[in-house]
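Chain by chain, the residues:
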Amino acid sequence: MATQDSRGILFTNTQPQQGFRLLELPPELDTLLSAKDAPSLELKSPSAALAQAVPDPSAQEYVNLCTTDKTYRIRQVQSSNSIHVLRPSLGRISRADIKVVEEEAGESGALNLPDDAVSAIAKCGSTLELHIPDGGFSAVPFLERSLQLYDRRDGDDDIMMDDNQATGDMDLIEVQRLRDQVCADIPVSAAQCEDGWVDICAFVCASAGWRPSARMRFNVWKRMAEGSVLQGIDLEKQFLVGDLWKSVLDDGDDSEAPFPRALLEALVRKLCTADERPPLADEIKWASFDKVECSRWVGETYLAAMAPTASSAIGRSDFLRSWKDSLPESWRGEASLSKLQDGAYQSPDPTTIFFVEPSQRQHTAKASAGAAAAKAKPTRNWHELLKSQKRN
Amino acid sequence: MPSIRIHPHASPAAINPAASLSPNLSHPLTNPLPQLLQTPSGLAFLELQGTINLPSNESDDGSYNKESYSPKGNTFETPVGKLMFPDYSALNPDDTKWMKRAYLYVGRYQRMTGEVKKLPRPIAVLQRRESSGAPPNAEVEELEVLEIVRYKILFKNRPEPVNDV
């Protein structure tokens, strides 16, 4: 019998045991961690206040694993079997104990001790699995909770105006530090935090992080569009952001700034073509806008400002006219409903229109996709039914 | 809540405590497992249905007791049984047919039959990093990846009686 010739390896159990966690690696993480210069990973969970940013109550307590640009939800999976972690034995077995096993082993398969021994040093009854939920992760809901709303009406006394000069001096490092502070509590990767930050045009001013309201963003856009016309700045060609800022100031008088420069820069960063967008840590000096992208953003922002809910729906033709009027002359053709993103708006009746928040959009898209999937698979094959259940 | 950093590579001392622990062990620990199961740190997986029952004075829950465990502290090993890979030949490590069969003898009359399997996804073994040098700040917890394991020895069946080994 084959067993007679093969070597036996003494199997022992080490006390006390060590504490290990087993983490199942998706292929891309395996590649990342196997590399010589593998980066550190981070486990992030939301602060108690931020946990409520996600409406799903089952998802309020969790830990996410973050690489520099990816986020995974961690799920602890119990298994009925236990995994013992083995290591070559340190040879700390008493000779008397070995004898017991050795005798039992019989004369064959003589053990060459202590080299031929492995020892269980830890037992794990569960593994950590990683998954990315449908729709992925976004920092936006968390940023919306952690940043203050910036929504200044014309004529309002603005608390921030007093600080405006000071914030001009706030250096990039300090701004970065503040942003890092905000992002530390947001359980997604740094790159996704940056994307979210840019997406909602967040900015730092007077030692605080702000998110401009849709109306504020639209107003800033209008000032930019008007200023660019007055100063002859072609937004589609590369321009100096400093020139654009000067164009929105009334007669170049700095003290009369209608909003913080950081807000204008946040908008420019959001609207500039992706290949020109510098990392958030760097100042944005040059930019040019893409006509199609930018026009769409203006339309959606205007709709979000004027008709954020079904009950505040506005007339379609009014909307299209205002949208058109807020665009540079040569862009006016871009203002049509077909240019808006799928699901960005809904119409309660044929003449009115209102804005649908991106988070709501995913919901409806998912629901319809789920319905489609259910329709497509009217399987009665129990093999497949069980299989799909297991996956869940 | 502050984030917890996971270092991609373990410090050398964490990988092989034997080096610092047993100065009389002049050579590095030889790994008796088939080459396929060997990893740089020496860690390998053995999956078992059920538990290993140890003498009662030893805790069997596998729980990590921070007070009692220290790599430099006293550890002791209790022999459990004998592992065998009957079809494995060190001379021909590339032939993987041997993976189909593995035995774990426990006591004289019991044997479990299992196999060596490639894990569907590799598994990283994480451990709390011993803070060396850093101020003993309990708030700062760090983890490190000790090893990435790709195979396991799997015994999914119950022990069967054998009359002689």
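Residues numbered from 1 in each chain as written. Chains lettered and ligands numbered in written order. Predicted model: local features only at pLDDT ≥ 70, side-chain atom pairs only at ≥ 80, totals over all residues.

In the nomenclature of an unreviewed UniProt entry, chain B corresponds to Chromosome transmission fidelity protein 8 from the organism Penicillium angulare.

Named according to an unreviewed UniProt entry, chain A is Sister chromatid cohesion protein Dcc1 originating from Penicillium angulare.

A. Quick look at the overall build of chain A. Regarding its fold elements, chain A presents 15 helices and 14 strands. For chain A, the proportion of its 392 residues judged to be buried stands at 34%. Nonlocal contacts in chain A, meaning residues at least 24 apart in sequence, comprise 75% of its contacts between residues at least 6 apart. (Helix = DSSP H or I, 4+ residues; strand = E, 2+ residues; numbered from the N terminus. Buried ≥ 20, exposed ≤ 12 C-beta atoms within 10 Å, placed from the backbone. Contact = placed C-beta atoms within 7 Å.)

B. Local environment of unusual backbone geometry. Residue and element names in this part refer to chain A. Residues glutamine 15 and proline 16 are joined by a peptide bond in cis, for which omega reads -10 degrees. In this fold, proline 16 is placed in the loop between β1 (8–15) and β2 (21–24). The phi angle at alanine 206 is positive, at roughly 50 degrees, despite the residue not being glycine. Following the sequence through the fold, alanine 206 ends up in the loop between β8 (203–205) and β9 (208–212). Judged by the 16 C-beta atoms lying within 10 Å of it, alanine 206 falls in the partly exposed class.

C. The arrangement of the interface of chain A and chain B in detail. Listed per partner, the contact involves 63 residues of chain A and 63 residues of chain B. Among the elements of the structure, α1 (2–5), β1, β2, α2 (27–34), β3 (41–44), β5 (71–88), α4 (95–105) and β6 (117–131) of chain A are those that each provide at least two residues to the side of chain A that touches chain B. As paired elements, β5 of chain A and strand β2 (residues 44–49) of chain B share 6 bridges and run antiparallel to each other. Residue pairing in the sheet places histidine 84 of chain A in a bridge with leucine 46 of chain B of β2 of chain B. (Pairing = 2+ DSSP bridges.)

D. Geometry of the packing of helix α12 (residues 291–306) of chain A against helix α13 (residues 316–325) of chain A. Residue and element names in this part refer to chain A. Remark: α12 packs on α13, axes separated minimally by 10 Å, with the N-to-C direction vectors making an angle of 130 degrees. Between α12 and α13, the crossing angle belongs to the class labelled oblique. Judged by the twist between their axes, the crossing of α12 over α13 is right-handed. Across the interface between the two elements, Val298, Gly299, Tyr302 and Leu303 of α12 pack against Phe319, Ser322 and Trp323 of α13. A breakdown of the residues in the contact of α12 with α13 according to their chemical character gives 5 nonpolar, 2 polar and no charged. (Axes fitted to C-alpha atoms, helices over the stretch in contact; angles between N-to-C directions. Parallel < 35°, antiparallel > 145°, perpendicular 65-115°, else oblique. Left-handed = near helix turned anticlockwise from the far one by under 90°. Nonpolar A, V, L, I, M, F, W, Y, C, P; charged D, E, K, R; others polar.)

E. Quick look at the sheet that holds strand β12 (residues 314–315) of chain A. Residue and element names in this part refer to chain A. Read from one edge to the other, the open sheet built from 3 strands follows the order β12-β14-β13, with strand pairing classed as antiparallel. The strands lining the two open edges of the sheet, one partner per strand, are β12 and β13 (345–346). Here β12 pairs with strand β14 (residues 352–355) via 2 bridges, running antiparallel. Paired with isoleucine 314 across the strands is isoleucine 353, a residue of β14.

F. Spotlight on the nonpolar core. One finds Val85, Phe203 and Leu267 of chain A together with Ala124 and Val125 of chain B to be the most contacted residues of the largest nonpolar core, which totals 113 residues. Setting aside residues no more than four positions away along its own chain, valine 125 of chain B makes contact with Phe20, Leu22 and Val85 of chain A together with Leu43, Leu146, Glu147 and Val149 of chain B. (Core = buried A, V, L, I, M, F, W, Y, C linked by C-beta atoms within 7 Å.)

G. Structural detail: the packing of helix α9 (residues 214–231) of chain A against helix α10 (residues 241–248) of chain A. Residues and elements named next belong to chain A. Closest axis-to-axis distance for the α9/α10 pair is 8 Å, and the angle between their directions is 100 degrees. Compared by their axis directions, α9 and α10 come out roughly perpendicular. Contacts between α9 and α10 involve Arg223, Met224, Gly227, Ser228, Leu230 and Gln231 from the former and Asp243, Leu244, Ser247 and Val248 from the latter. Looking at the contact of α9 with α10 residue by residue, the classes come out as 4 nonpolar, 4 polar and 2 charged.

H. Here's a closer look at the confidence of the model for chain B. Residue and element names in this part refer to chain B. Averaged over every residue, the pLDDT of chain B is 76; the share at 70 or more is 68%. Strand β6 (residues 142–155) holds the highest mean pLDDT among the elements of chain B, 94, whereas helix α2 (residues 17–21) holds the lowest, 47. Overall, residues 18–27 carries pLDDT values under 50, and its contacts beyond four positions in sequence, including any with other chains, amount to 7 contacts. For this predicted complex, the interface confidence comes out at an ipTM of 0.83, alongside a pTM of 0.79. (pLDDT = per-residue confidence, 0-100.)

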